[in-house]
There are 2 protein chains.
Amino acid sequence: MKHIYSFSEGDMTMKDLLGGKGANLSEMTKLGLPVPFGFTITTEVCNYFLRNESYPLGYSEELSEKLDELEHKMKKYFGSAENPLLVSVRSGARVSMPGMMDTILNLGLNDTTVQALIEKTGNERFSYDAYRRFVAMFANVVLGIGHHHFEKAMDELKEKRGIKEDTQLCSEDLKSLVSTFKKIVRERKKISFPEDPKEQLRLAIEAVFKSWNNKRAIDYRNINGFSHNMGTAVNVQAMVFGNMGDSSGTGVAFTRNPATGEKKFYGEFLINAQGEDVVAGIRTPQKIEALKECMPKLYEELFQIQAKLEDHYKDMQDIEFTIEEGRLFFLQTRTGKRTAAAALQIAVDMVNEGLITKKEALLRIDPKQLNTLLHPSIDTKANREIIAKGLPASPGAASGKIVLTADEAYEANEEGENVILVRKETSPEDIHGMHAAQGVLTSTGGMTSHAAVVARGMGKPCIAGCKEIMIDIEDRSLKIGNRSFKAGDVITIDGASGAIMSGKVPTKDPELSDAFATIMKWADEVRRLKIFTNADNARDAQVALDFGAEGIGLCRTEHMFFEEDRILYVRQMILAQDEESRKNALEKLLPMQREDFKDIFRVMNGKPVTIRLLDPPLHEFLPHTETNIKKVANEMGVDFNNLKKLVESLHEVNPMLGHRGCRLGVTTPMIYEMQVRAMMEAAKVVMNEGIKTELEIEVPLISHVNELKILREMIEKVAEEEGPLNFHWKIGTMIELPRACLTADQIAKEADFFAFGTNDLTQMTFGMSRDDASSFLPHYTKCGILAYDPCESIDVDGVGKLMNMAVKLGRSTNPDLFIGICGEHGGEPRSIAFCHEIGLDFVSCSPYRVPIARLAAAQAAL
Amino acid sequence: MKHIYSFSEGDMTMKDLLGGKGANLSEMTKLGLPVPFGFTITTEVCNYFLRNESYPLGYSEELSEKLDELEHKMKKYFGSAENPLLVSVRSGARVSMPGMMDTILNLGLNDTTVQALIEKTGNERFSYDAYRRFVAMFANVVLGIGHHHFEKAMDELKEKRGIKEDTQLCSEDLKSLVSTFKKIVRERKKISFPEDPKEQLRLAIEAVFKSWNNKRAIDYRNINGFSHNMGTAVNVQAMVFGNMGDSSGTGVAFTRNPATGEKKFYGEFLINAQGEDVVAGIRTPQKIEALKECMPKLYEELFQIQAKLEDHYKDMQDIEFTIEEGRLFFLQTRTGKRTAAAALQIAVDMVNEGLITKKEALLRIDPKQLNTLLHPSIDTKANREIIAKGLPASPGAASGKIVLTADEAYEANEEGENVILVRKETSPEDIHGMHAAQGVLTSTGGMTSHAAVVARGMGKPCIAGCKEIMIDIEDRSLKIGNRSFKAGDVITIDGASGAIMSGKVPTKDPELSDAFATIMKWADEVRRLKIFTNADNARDAQVALDFGAEGIGLCRTEHMFFEEDRILYVRQMILAQDEESRKNALEKLLPMQREDFKDIFRVMNGKPVTIRLLDPPLHEFLPHTETNIKKVANEMGVDFNNLKKLVESLHEVNPMLGHRGCRLGVTTPMIYEMQVRAMMEAAKVVMNEGIKTELEIEVPLISHVNELKILREMIEKVAEEEGPLNFHWKIGTMIELPRACLTADQIAKEADFFAFGTNDLTQMTFGMSRDDASSFLPHYTKCGILAYDPCESIDVDGVGKLMNMAVKLGRSTNPDLFIGICGEHGGEPRSIAFCHEIGLDFVSCSPYRVPIARLAAAQAAL
């Protein structure tokens, strides 16, 4: 049994044994890259050690051999006063667990070797800084002494020296800290700091093994569902230094441009510097091209190798290199992060270059990343000052005058002004204001609050839950962070990052590249799921069509009810004391709804249009504050007290579980009758214009098949009265209650299609209202009770199980059942993959998410 | 193929072919009882007729034969001027569908035969009344002429005659009505009223067949889930008349006393009367014993036969008989309705008599009926005036002064006054008032409203949803129906019937008979389910023990939090700005909770006690109205505005889906820690008194296994700190969210027991809040969308499916899992049967339902 592998002995496939990092270092070595020598102690040694608190037979001998080999290869020696060998000791499990386990750098430093380092680097300050860091790190990781002891010592020194920044400490200071730190070790552990590098190494390896079972790592594995018995490998690697004079240096490079995707070697370097100097930004690095001039041979080597790496990994690489006294070393190569635009360009180029297949190209792009391409964005070249940050609830950037009510937004828009609607939170009463505003900003609520959901649907930027905002409605003013604003002041919001800026910051419109179009075309070739959109009006429908939508999966009629010119009749309908006056009000609404539908049918011209019958409880259409009730009572010419009493009588303790959805249709059939009539009349009119219609009438909130049975009869009665109908129409239902899933076999007998409403379904299944979850859900995801927010991505174990059951039961009694999803999850890639897996026919999402869904559906099919 | 069966040819087993009524008439005939002759046309003829609109081959001949036989047997002849045969034509399906299909009486009457009837009965008025009824009924049922035409004619006649009541019409009037009615038939149908009795009969049979498919009958079958292709049989039977002079009569008798169960022949009769005279109450019937004197031979015959009937059916019989000119006829025998006390007595007696087995005795008692035995009841002998009725939400009767707030109830109780708490609705803030009151009366809410549920738990009478109550809190007065009351006026409520009475009406305490104890003992011998109780304090626990409870299945700690002496500390705990002050408040609560638990442990002495950790959202413990906030702010010495802000910040849109249950425990572990500590300390203390404890710590509202994992660790940590513990304790969870059912396999790994919380589970599964459902749920059950209210009886198709899944999944990973139910359904017989069926280990119900559950569990096991 082999316990330790030199980097030259392993490869990429040996992740289980060598861990991810070890396998990758081996692979680079195997490719012939100049990687600092080193070796990997296997995960099996770790597991043996953790079980037995001892090492397996033969391990110690192997370790000695490997250390000899390392000294020999590097021509550096542990503890040498001339040529000391320093090493890093790093953990590396089969799966990436960034920051969860321990790492020790510059192991091998002691009072002797630090002198050699000073000589080599000519940099006493750097050397003592490295030394004091090593002592503190070793003392913490290996000896278990709290960080704060060392921080305290450093603070005391700084105070004594009257300085504030670590960087102001001189080499003498750092040297004295080494002594102080060692003294701390002595006092707390009653031992001298180990000066023998091999002793240091033995202890460090043991500490890394043990770190597999520290609390942080265990929690991380629990959260991510990783097994606890994989163990970690330990990588021991020679340190190399880029700060050993002008023949040394360090840099980072990309095989292609990570911002644009252009096929051009791209990077930066610094002469006589360590990696952290590049990061710290104290010196400005040079472009990689400059290396060609100052070290032409090395540049050529670097260039050849980067090409080879990309060829080998078949993806754009992010490379870290160090030049130590004229020798080039590669410390890392990994798939490079890139912008969405670059991702598309690189994927398409690589297919054209024959490097990867179309399939690989599709799988390589993160669908979520496309989001940034589809909305206006802040011009990154512009001056900007971020005054506060909230949750990035809906992407896009917008500027406008602050307004504090929906009515103001509406009026300002009428006068051609751009506005940002700033509210504590929004409600359905604010829809007209949200439509009118360029963007929405709220001080409470989360990623799935009303403001966030509606704004995403509208494709408008939204920042939600910015706790730093304090609104004073009376005074028509607000504070954002420590800045004061008045209504009318201009701000800019960036929904992609959550940043709020003062004044107007220039934005850039999205430009969709040829590469985007190509990827979308390829995606359409392979995906099985149809991509529909959630659109409540012709404008949104057109946006979605332009993005490639194949139909409307959800058209919410309640948003139409809130529009300025109809809310009066809606209220008359609700207030009606008898059938006759209710009928009158509905007759006023009918032609308006008909117009809405006509416009939508015209835009969609023959593509399916799924229209949901009225869903929210009626009290949502009524005013709630004393002031608003007064206003509406005046407008309608009804008695204030009567109106107030009615509003109170319609109040619900748990409105989400109240008198809404098909329950309205069952108890007050007239409303649904009007809506169905409006749909059918609209379809007949556009027929005559030569426009086709595929009408899918959708009944919300079905819990029992009998509800659907009754409403199907009602719809069929209207159809008979309106007939003959020369267009296609179907009747289906939302599946958004657990009971609908559980009895889907019964319900499917009365339905032509199912559309999962996973927003409600998730809330019912968890017994959790997303409006109220902000008091505990963030805690749940933070401490790992939930791996992710189930309102954002489908909870596969719970909600997903219900969905799967509903699909199987539904198709068991109605094999032709057309099934899809129209909740928020319909535009979320992980959820789309799940929908594909359980055999849905379509997903429906907001217009701006259609391209994301197209790509995610393709990936799911691959 | 035989189409028609004489009563002498069939028997009880032929219900499919002869329908229920036909089979019963045959059975009586087979027993040799003098049943008026007749025959049954089979359901198959009906089905044939409905399919083909014609009769099967040979049917007409058979019918002729049967009619001849009938005339021969009865020695009466169709259309005869001397001895006319009159018959009834009745529907009768395989299952009872009372009132859904049509019946025609006195068929065979025409201008000739009515004269014979007059002669026979010597009662012209009766004869013409029967005739005009027959004509109208025939015209309606057979010819389809609306009832209102005949009613109109009658009203016109009454107006002309200047009278108000039908009974004031003389025989001349009735005779003229016959002509008028026939004229209506002529005018509306252009035919003469059929005078030929055989023609009448042919048409009537056809009409009865067709009535199988009338809307009423179809709806009824839909609601009850009956098949539509059973068809109905038709029973043609000779009419007999008890009003043919002093040798005729009619009566109703029971084989045992239906009120007490005493084994004694019991009944009433009238000489020279029809059955309807007994019902109408115009004449006072005589006791059956009197028949012995006036018709000793007939009495003897009747007595023998009733004994034979009881012997045959092995149950107490309700018998209808008619004496026609000295001949005794039996028209019906059926299982007699009886009081709960009688049901118990009869069952026990019959076992002792060897008539039935213990098993049969147990199955014969409707568990729900026991309810009336377990609570005080209105003394039926007392004078009483019912002023309004509400829903009978919790049984029992009580009188007291009206109080309008919980505080008043509390104070009055302190002063030893009996009060009835009258509220629009109750909330958890009212608990102390409900405890203090003798009964509760609300103007809104249903059978499962807060008031109803809590009152049933407390075993206090409650009437809910009495819409006739208008409360004026300011004026401290109220209207009930059209009567005005002031706070302080005395009323009496009967929670068993929903009746509200003015003043104090005497009540009777329940007396549990020996028969009750015997039945309970037999029930305990056969049932498999354990019967636990829901009890929040020692008093309730004792009541439940007396009723035979085997443990506490649900002890709600929140009710303890509401008690006068602790609500202050609860509020301090909620308002605490830092850990320290929260800890201080909890330290005040700890000894109080410990006392609660000690008392309960002492009463239960070793029987399992399941204690649920705090469940409701914290805002339930805070005041909500401006006035109350002010009061509490004063009491606590905190700033009004701060308190108001806090109350507002804790407000939830959907509190049922909010920050409650284990979510509290996860985000604020201190509260649960205090509660667990109080339980364990209490158990340790009573241990030293020699009292055993089986503590089952229950975590509410688990949706994800990780919640339970974290809380289990917390509980185990407290146990370790409190250890060593010398009593048994377990950790389990409520299963009350759909997700908990769906992932029960995961959750079971962390749980020692499951207790279904079917109240919440039902609400989540249906997406329906029982607080808000009153706006649509009554409509749903009325029009048959739901066959029953799922908050009252478990919805087997939906909620039941989830439960079944949870049981199977849970036991798959934890075979020792102890599983029960502690929702409201735990005391409902149909639900208990379901719980038995899916293999639960226990049901838990309110103390007063324990006997019901014991019996229902026994029935489920049989």
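Residues numbered from 1 in each chain as written. Chains lettered and ligands numbered in written order. Predicted model: local features only at pLDDT ≥ 70, side-chain atom pairs only at ≥ 80, totals over all residues. Heavy atoms only, no water.

Enquirer: Tell me what's going on with the overall build of chain A, and back it up with residues and numbers.
Expert: Each helix and strand in chain A was counted, giving 35 helices and 31 strands. Along the first, second and third principal axes, the C-alpha set of chain A runs to 100 × 60 × 55 Å. Looking at chain A as a whole, 58% of its 862 residues are labelled buried. Summed over all atoms, the accessible surface of chain A reaches about 35,400 Å², with 49% contributed by carbon and sulfur. Where the 104 positive side-chain charges of chain A centre and where its 124 negative ones centre are 4 Å apart. (Helix = DSSP H or I, 4+ residues; strand = E, 2+ residues; numbered from the N terminus. Buried < 20%, exposed > 50% of the residue type's maximum accessible area, 1.4 Å probe, protein only. Areas by Shrake-Rupley, 256 points an atom, 1.4 Å probe, with all protein chains shown as cover. Lys, Arg positive; Asp, Glu negative; His and termini not counted. Charge placed at Lys NZ, Arg CZ, Asp CG, Glu CD.)

Enquirer: I'd like a description of the sheet that holds strand E4 (residues 103-107) of chain B, backed by residues and values.
Expert: Residues and elements named next belong to chain B. Pairing is antiparallel across the open sheet formed by five strands, whose spatial order is E1-E2-E5-E3-E4. Strand pairing shows two members of the sheet lacking a second neighbour, strand E1 (4-6) and E4, which therefore form its edges. With strand direction ignored, the average angle separating the axes of adjacent strands in the sheet is 20 degrees. Here seven bridges tie strand E3 (residues 87-93) to strand E5 (residues 232-238), and the two strands are oriented antiparallel to one another. Each residue of the ladder has a partner; that of Arg90, found in E5, is Asn235. (Pairing = 2+ DSSP bridges. Axes fitted to C-alpha atoms, helices over the stretch in contact; angles between N-to-C directions.)

Enquirer: A description of helix H4 (residues 113-121) of chain B should follow, citing residues and the corresponding values.
Expert: When we look at burial in H4 of chain B, the residues that qualify are Thr113, Val114, Ala116, Leu117, Ile118 and Thr121 of chain B. Of the residues trailing H4 of chain B, Gly122 of chain B is marked for its positive phi of about 60 degrees.

Enquirer: Please set out the interface of chain A and chain B residue by residue, giving values where relevant.
Expert: A common measure of how large an interface is: the accessible area buried when the components associate. Facing the 47 residues of chain A at the interface are 46 residues of chain B. When the two sides are added together, the surface that chain A and chain B hide from each other amounts to roughly 4,000 Å², 58% of it contributed by carbon and sulfur. Where chain A meets chain B, there are two salt bridges. In this structure, Asp795 of chain B and Arg739 of chain A form a salt bridge, with 2.7 Å as the shortest nitrogen-oxygen distance. Here chain A is connected to chain B by 29 residue pairs in polar contact (both at pLDDT 80 or more). Among the elements of the structure, helix H26 (662-667), helix H28 (705-722), helix H29 (738-742), helix H31 (758-766), helix H32 (777-782) and helix H33 (796-813) of chain A are those that each provide at least two residues to the side of chain A that touches chain B. In terms of residue count, H33 of chain A provides more of the side of chain A that touches chain B than any other element does, six residues in total. (Contact = heavy atoms within 4.5 Å. Buried area = accessible area lost by both parts, 1.4 Å probe. Salt bridge = Lys/Arg side-chain N within 4 Å of Asp/Glu carboxyl O. Polar contact = N/O pair within 3.5 Å; in protein donor to acceptor, adjacent residues only side chain to side chain.)

Enquirer: I'd like a rundown of the nonpolar core, residues and numbers included.
Expert: Grouped together as the largest cluster of nonpolar side chains are 300 residues, with contacts concentrated most on Phe756 and Met803 of chain A together with Met680, Phe756 and Met803 of chain B. Leave out the neighbours within four places in its chain, and Met803 of chain B touches Phe756, Thr758, Leu761, Ile794, Ile821, Phe834, Cys835 and Ile838 of chain B. Ile184, Val185, Ala207 and Val234 of chain A belong to the second largest nonpolar core, which has 63 residues in total. (Core = buried A, V, L, I, M, F, W, Y, C linked by side-chain atoms within 4.5 Å.)

Enquirer: Talk me through the sheet that holds strand E2 (residues 38-41) of chain A; I want residue IDs and the actual numbers.
Expert: Residue and element names in this part refer to chain A. Here five strands make up an open sheet; going across it, the order is E1-E2-E5-E3-E4 and the pairing antiparallel. Here the strands that pair on one side only, and so sit at the sheet edges, are strand E1 (4-6) and strand E4 (103-107). Direction aside, the axes of adjacent strands within the sheet are offset by 20 degrees on average. For E2 and strand E5 (residues 232-238), the ladder comprises four bridges, and the chain directions are antiparallel. Bridge pairing in E5 places Ile41 opposite Val234.

Enquirer: Which residues make up the relation of the copies chain A and chain B, and what are the values?
Expert: Structural alignment of chain A on chain B gives an RMSD of 0.3 Å, achieved by rotating through 179 degrees and translating 0.1 Å along the axis. Expressed as an axis order, the relation between the two copies is that of a two-fold axis. Proximity to the rotation axis, assessed at the C-alpha, singles out Asn654 of chain A in chain A; its C-alpha lies 2.0 Å from the axis. A shared binding surface is used by both copies, with 98% of the interface residues of chain A retained as interface residues in chain B. (Least-squares fit on C-alpha atoms with pLDDT ≥ 70 in both.)

Enquirer: I'd love a proper account of the packing of H31 of chain A against H33 of chain A, names of residues and values included.
Expert: The description of two packed helices rests on the angle between their axes and on the distance between the axes. Residues and elements named next belong to chain A. Where H31 contacts H33, the axes come no closer than 9 Å and their chain directions differ by 120 degrees. Viewed along their axes, H31 and H33 adopt a mutual orientation that is oblique. Remark: the crossing between H31 and H33 carries right-handed chirality. Contacts between H31 and H33 pair Thr758, Leu761, Thr762, Thr765 and Phe766 from the former with Gly798, Val799, Leu802 and Met803 from the latter. Among the residues making up the contact of H31 with H33, the classes are represented as five nonpolar, four polar and no charged. (Parallel < 35°, antiparallel > 145°, perpendicular 65-115°, else oblique. Left-handed = near helix turned anticlockwise from the far one by under 90°. Nonpolar A, V, L, I, M, F, W, Y, C, P; charged D, E, K, R; others polar.)

Enquirer: How would you explain the packing of helix H5 (residues 124-141) of chain B against helix H8 (residues 197-211) of chain B if you had to name every residue and give the values?
Expert: Residues and elements named next belong to chain B. For the pair H5 and H8, interaxial distance at closest approach is 10 Å and the crossing angle is 50 degrees. As judged from the angle between their axes, H5 and H8 are oblique. At the point where H5 passes H8, the crossing takes the left-handed sense. In this structure, H5 uses Phe134, Phe138 and Val141 to contact H8, whose residues at the interface are Gln200, Leu203, Ala204 and Ala207. Tallied by class, the residues present in the contact of H5 with H8 amount to six nonpolar, one polar and no charged.

Enquirer: I'd like a description of a positive patch on the surface, backed by residues and values.
Expert: Residues and elements named next belong to chain A. On the surface, a cluster of positive charge is made up of Lys152, Arg188, Lys189 and Lys190. Mapping Lys190 onto the fold places it in the loop between helix H7 (171-189) and helix H8 (197-211). In this structure Lys190 comes out as exposed when scored by relative accessible area, which is 71%. (Patch = residues over 30% accessible without salt bridge, like charges linked within 9 Å, V, L, I, M, F, W, Y side chains within 5 Å.)

Enquirer: Before we move on, can you summarise the confidence of the model for chain A with the specific residues and values?
Expert: For chain A, the average pLDDT comes to 91, and 99% of its residues sit at 70 or higher. Prediction confidence for the complex, expressed as pTM and ipTM, is 0.81 and 0.81 respectively. (pLDDT = per-residue confidence, 0-100.)

Enquirer: For the pairing of strand E10 (residues 327-335) of chain A, give the residues involved together with the corresponding values.
Expert: All names here are of chain A. Examined bridge by bridge, strand E9 (residues 317-324) and E10 share eight bridges and lie antiparallel to one another. Opposite Phe321, over in E10, you have Phe330 as the bridge partner. Linkage of E9 to E10, two consecutive antiparallel strands, is achieved through a turn of two residues, within which Glu325 is found at a positive phi near 45 degrees.

Enquirer: A description of the packing of aromatic side chains should follow, citing residues and the corresponding values.
Expert: Per the counting criterion, the structure on display carries 40 aromatic pairs over all chains. Relative to Tyr848 of chain A, the ring of Phe547 of chain A lies with its centre 5.6 Å away and its plane at 65 degrees, an arrangement referred to as edge-to-face. With a gap of 301 residues between them, Phe547 of chain A in the loop between helix H20 (538-546) and strand E25 (552-556) and Tyr848 of chain A in the loop between strand E31 (842-845) and helix H35 (850-861) connect regions that are remote in the sequence. This pair shows no difference in class: Phe547 of chain A is buried, exactly as Tyr848 of chain A is. Its end group placed over the ring of Trp212 of chain B, Arg221 of chain B keeps NZ or CZ at 3.7 Å from the ring centre. (Phe/Tyr/Trp six-rings, centres within 6.5 Å; stacked < 30°, edge-to-face > 60°. Lys NZ or Arg CZ within 6 Å of the ring centre and 35° of its normal.)

Enquirer: Would you mind going over helix H35 (residues 850-861) of chain B in detail, with residue names and values included?
Expert: All names here are of chain B. Look at H35: 16 Å from first C-alpha to last across twelve residues, which is about the 16 Å you get at 1.5 Å a residue. With eleven of twelve residues buried, H35 is to be regarded as a mostly interior element. Taken as a whole, H35 has its buried residues at Val850, Pro851, Ile852, Ala853, Arg854, Leu855, Ala856, Ala857, Ala858, Gln859 and Ala860. (Expected span 1.5 Å × (residues − 1).)

Enquirer: Please set out the pairing of strand E27 (residues 694-699) of chain B residue by residue, giving values where relevant.
Expert: Side-chain direction in a regular strand flips from residue to residue, so the side chains alternate between the two faces of the sheet. Residue and element names in this part refer to chain B. Extensive coverage of E27 is indicated by the burial of five of its six residues. Two elements, strand E26 (residues 608-612) and E27, share five bridges in a ladder whose sense is parallel. Within E27, the position partnered with Pro608 by the bridge is Glu694. In terms of strand pairing, E27 meets strand E28 (residues 728-735) through six bridges, oriented parallel. In the sheet register, Ile697 faces E28, and the bridge partner there is Ile731.

Enquirer: Please give an account of a nonpolar patch on the surface that cites residues and values.
Expert: Residues and elements named next belong to chain A. Where nonpolar side chains cluster on the molecular surface, the patch consists of Leu363, Val526 and Leu862 and spans about 220 Å² of accessible area. In this fold, Val526 is placed in helix H19 (residues 514-526). With a relative accessible area of 32%, Val526 lands in the partly exposed category.

Enquirer: So, the pattern of salt bridges: which residues are in play, and what are the values?
Expert: Residues and elements named next belong to chain B. Tallied over the full model, the rule gives 103 salt bridges over all chains. Across the pair Lys264 and Glu289 runs a salt bridge whose closest N-O atoms are separated by 3.8 Å. Separated by 25 residues along the polypeptide, Lys264 in the loop between strand E6 (249-254) and strand E7 (266-271) and Glu289 in helix H11 (residues 289-294) bring together distant segments of the chain. Of the residues examined, Lys264 reaches a relative accessible area of 44% and is grouped as partly exposed. Put simply, Lys486 and Asp475 hold a salt bridge, and the shortest N to O gap is 3.7 Å. Of this pair, Lys486 sits in strand E20 (residues 483-486) while Asp475 sits in the loop between strand E18 (469-472) and strand E19 (477-480), and the two are eleven residues apart along the sequence. The class for Lys486 is partly exposed, based on a relative accessible area of 44%. Classification of Asp475 as partly exposed rests on a relative accessible area of 39%.

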